[in-house]
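The lines below spell out each chain.
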Amino acid sequence: MLCLGIETSCDETALALVCDGKVLAETLASQIELHSIFGGVVPELASREHLRFISLLFDELLKKAHINMQDIDLVAVARGPGLLGSLLVGGAFAKSLALGLDIPVLGVNHLHAHLLACGIEHHLEYPALGLVVSGGHTYLFKISSPAAFMPIGRSIDDACGEAFDKTGNLLGFAYPSGKFIDQFAQQGQNGRFKLPLPYIDNENLDFSFSGLKTAAANLIIASGLQDAINQKALQKDIADFCHAFNECAAETLVIKTKRALQKFEDIAAIWLAGGVAANSLVRARLQELAQNSNKEFIAPAPKYCTDNAAMIAYAGWLLGQEGYYNNLDFEIVPRGKKIPEDVLKTSLSD
Ligand code: KG4
Ligand code: ZN
């Protein structure tokens, strides 16, 4: 089965083809430079850029894979959560293509796709504990199959990646600054700066990162590190600060994941995904937790951690193989709204 995946939920226009579980080709137009001028994604600009690039990227994808569009068996598209205008561009493109080619279309949950990307290069073990940590979301799921995701914890305010980006912005890093904090942290020294572990003195599996964002901002201002990135004399201080921030984020994620492992005893594997899963310390700490708990640890390669279309095509392929599809009138779902359980299933002999 050849599945086209379309990802336009935020600021990357991305398309990919997955054939029998293998990524055949990928195309991508990143808007990072455009939005970095504003220090974050500007939704109206994002949707216009998706519209400008999506057809061009589709043509390029077919050329790269040496296929005709008639060879595609299924179109999978990220239906949410994300920015409404951006999602609508990918959704309309996917539905038009499915209608024109008379093939099924499938609306894929962007967060589930982040986690299913673990299967691109690894065997997926179930039941799994899935931790998605991205710029827009922090979620814990119990996953029993590609189609069965049970949310068990989530951020009650900011996403972990947002705390990275806003903190990095204050230090003077370009958007999105998670990877710069991570790079500086590796040169930093432990213990010089202290940040409180946010929202851990409770019994639940939820996260809160807005307090960390505020604590980090206060510490940056008090230490004279605001916009300090170009000041040579302060590079060591920035590295030590980033070290503390990385430690705090990683430790918080580990505490809640460990708690989830205690609550759900039948878990076989920990899956880690989303942009922040590219963070070296977050990866290492969660891998350590899995090892100490006798669980498999699976995380996608860093290029499949941040938003990409291979994860949508791969999730589409996994679900499509089991006969899942949507009616052409399925809705696009912006952030904050529940994705309806309207997926349909054919019997595979149909
Ligand atoms: O999954 P993603 O591409 O987009 C969303 O769905 O939100 O995640 C982007 C987020 C940004 O907040 C970015 O700063 C963060 O992932 N990120 C990192 C690293 N690489 C990307 N955060 C920490 N360390 C990294 N190495
Ligand atoms: Zn994402």
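Worth saying up front: this structure is predicted, and the values here are computed from it rather than measured.

The rules behind the values
- Residues numbered from 1 in each chain as written.
- Chains lettered and ligands numbered in written order.
- Predicted model: local features only at pLDDT ≥ 70, side-chain atom pairs only at ≥ 80, totals over all residues.
- Heavy atoms only, no water.
- Phe/Tyr/Trp six-rings, centres within 6.5 Å; stacked < 30°, edge-to-face > 60°.
- Helix = DSSP H or I, 4+ residues; strand = E, 2+ residues; numbered from the N terminus.
- Buried < 20%, exposed > 50% of the residue type's maximum accessible area, 1.4 Å probe, protein only.
- Lys NZ or Arg CZ within 6 Å of the ring centre and 35° of its normal.
- Pairing = 2+ DSSP bridges.
- Axes fitted to C-alpha atoms, helices over the stretch in contact; angles between N-to-C directions.
- Contact = heavy atoms within 4.5 Å.
- Donors = N, O, S within 2.8 Å, 3.2 Å for Na, K, Ca; no water.
- Tetrahedral: all angles 85-135°; square planar, octahedral: opposite > 155°, others 65-115°.
- Near = heavy atom within 4 Å.
- Polar contact = N/O pair within 3.5 Å; in protein donor to acceptor, adjacent residues only side chain to side chain.
- Areas by Shrake-Rupley, 256 points an atom, 1.4 Å probe, with all protein chains shown as cover.
- Nonpolar A, V, L, I, M, F, W, Y, C, P; charged D, E, K, R; others polar.
- Core = buried A, V, L, I, M, F, W, Y, C linked by side-chain atoms within 4.5 Å.

(A) Fine view of the packing of aromatic side chains. A full pass over the atoms with the stated rule returns ten aromatic pairs. Ring plane angle 75° and centroid distance 5.6 Å describe the contact between Phe-58 and Phe-93, whose orientation is recorded as edge-to-face. Of this pair, Phe-58 sits in helix α2 (residues 43-65) while Phe-93 sits in helix α3 (residues 84-101), and the two are 35 residues apart along the sequence. With a centroid separation of 5.2 Å and 65° between ring planes, the pair formed by Phe-173 and Phe-184 is classed as edge-to-face. Of this pair, Phe-173 sits in the loop between α5 (160-171) and α6 (178-185) while Phe-184 sits in helix α6, and the two are eleven residues apart along the sequence. The buried category is assigned to Phe-173, whose relative accessible area is 9%. In textbook terms, an aromatic cluster arises when at least three aromatic residues are bridged by ring pairs, as seen for Tyr-139, Phe-141 and Phe-149. Here Lys-95 stacks its cationic end above the ring of Phe-330, 4.5 Å away from the centre of that ring.

(B) Just the sheet that holds strand β8 (residues 148-154), in detail. The strand order across the open sheet built from five strands is β8-β7-β6-β9-β10, with neighbouring strands paired in mixed fashion. In this open sheet, the two edge strands, each paired with only one partner strand, are β8 and β10 (296-298). Each strand axis lies, on average, 20° off the axis of its neighbour in the sheet, ignoring direction. Where strand β6 (residues 128-133) lies against strand β9 (residues 269-273), five bridges are found, and the strand directions are parallel. In the sheet register, Gly-130 faces β9, and the bridge partner there is Trp-271. Strands in contact with helix α8 (residues 235-263) are β6, β7 (138-145), β8 and β9; relative to β6, the strand with the most contacts, it is inclined by about 160°. Sheet contacts for helix α9 (residues 280-292): β6, β9 and β10; angle to β9, the most-contacted strand, approximately 170°.

(C) Layout of the coordination of the zinc ion (ligand 2). With distances of 2.0 to 2.1 Å, the protein atoms coordinating the zinc ion (ligand 2) are His-110 (NE2), His-114 (NE2) and Asp-307 (OD). Relative to the metal, the four donor atoms surrounding the zinc ion (ligand 2) lie at angles of 95 to 142°, and the coordination shape comes out irregular. Read in sequence order, the donor residues coordinating the zinc ion (ligand 2) give the pattern H-x3-H-x192-D. On the criterion of sequence distance, the pair formed by His-114 in helix α4 (residues 110-116) and Asp-307 in the loop between β10 and α10 (310-321) is long-range, its members being 193 residues apart.

(D) Spatial organisation of the site of ligand 1. The environment of ligand 1 is formed by 20 residues, the closest being Gly-135, Asp-165, Gly-275, Asn-279 and Asp-307. Contact between ligand 1 and His-114: an oxygen atom at 3.2 Å from a side-chain N or O atom of the residue. Note that an oxygen atom of ligand 1 is positioned 2.8 Å from one of the backbone N or O atoms of Asp-307. Across the complex, the protein chains shield 89% of the 560 Å² of accessible surface that ligand 1 would expose by itself. Of all elements in the fold, only α4, α5 and α6 reach the threshold of two or more residues within the shell around ligand 1. Taken together, the residues that form the shell around ligand 1 break down as five nonpolar, eleven polar and four charged.

(E) How the structure looks around the nonpolar core. Formed by 51 residues in total, the largest nonpolar core has its most connected members in Leu-195, Leu-225, Phe-241, Phe-245 and Leu-272. A per-element tally of this core places α8 first, with twelve residues. Contact partners of Leu-195, with chain neighbours within four places excluded, come to Leu-212, Ala-215, Ala-216, Leu-219, Phe-241, Ala-244, Phe-245 and Cys-248. Membership of the second largest hydrophobic core comes to 39 residues, among which are Ala-14, Val-108, Ile-312 and Leu-319.

(F) Broad picture of the sheet that holds strand β1 (residues 2-7). Taking strand neighbours across the sheet as the criterion, the five strands line up as β3-β2-β1-β4-β5 in an open arrangement whose pairing is mixed. The open sheet has two edge strands, β3 (22-30) and β5 (105-109), and neither has a second partner. Pairwise comparison of adjacent strand axes, ignoring direction, gives a mean angle of 20° for this sheet. Here strand β2 (residues 12-19) runs beside β3; their pairing, made up of eight bridges, is antiparallel. Across the sheet, Leu-17 pairs through a bridge with Ala-25, a residue of β3.

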